[in-house]
Amino acid sequence: MKFMDVHHGMQGITEEQLREAHDADLAIQSQERVTFEQAWADPESGLVYCLSDAPDAGAVQRIHQRAGHPADEIHPVPLTI
């Protein structure tokens with residue numbers, strides 16, 4: 001199932017910092033059968049979004065927590081076009 005998670009409070013995040021955070025997730029994602037597909041950030045608002053494929057929201061959160069940036073929200077995305 002697809003999930004979109006949201007991180008708040010990341011004002012000023014740079015492209016390099018976003019890449020480092022994403023790479024930290026990628027390094028351990030297989031341990032929870034998660035595949036992080038893409039990440040987006042708005043440095044001004046401090047919002048970061050991550051799209052993943054995972055067995056459940058808990059698996060997504062566990063990877064983010066272990067990588068050092070727990071998600072503030074995780075939303076299932078059951079329909080895509």
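Just so you know, these numbers come straight off a predicted model, no measurement behind them.

Parameters and conventions
- Residues numbered from 1 in each chain as written.
- Predicted model: local features only at pLDDT ≥ 70, side-chain atom pairs only at ≥ 80, totals over all residues.
- Heavy atoms only, no water.
- Pairing = 2+ DSSP bridges.
- Helix = DSSP H or I, 4+ residues; strand = E, 2+ residues; numbered from the N terminus.
- Axes fitted to C-alpha atoms, helices over the stretch in contact; angles between N-to-C directions.
- Contact = heavy atoms within 4.5 Å.
- Buried < 20%, exposed > 50% of the residue type's maximum accessible area, 1.4 Å probe, protein only.

## Looking at the sheet that holds strand β1 (residues 2–7)
- Pairing in this open sheet of 4 strands is antiparallel, and the strands run β2-β3-β1-β4 from one edge to the other. Looking along the sheet, the strands with just one partner apiece sit at the ends: β2 (35–42) and β4 (73–76). Strand-to-strand twist of the sheet, defined as the mean angle between neighbouring strand axes without regard to direction, takes the value 20°.
- Pairing of β2 with strand β3 (residues 47–53) involves 7 bridges; the strand directions are antiparallel. When the sheet's bridge partners are listed, W40 is paired in β3 with Y49.
- The strands that helix α2 (residues 57–67) touches are β1, β2, β3 and β4; relative to β1, the one it contacts most, it runs at about 40°.

## What about unusual backbone geometry?
- We note that R33 has phi near 60°; this positive angle belongs to a residue other than glycine.
- Residue R33 is classed as exposed on the basis of its relative accessible area of 65%.

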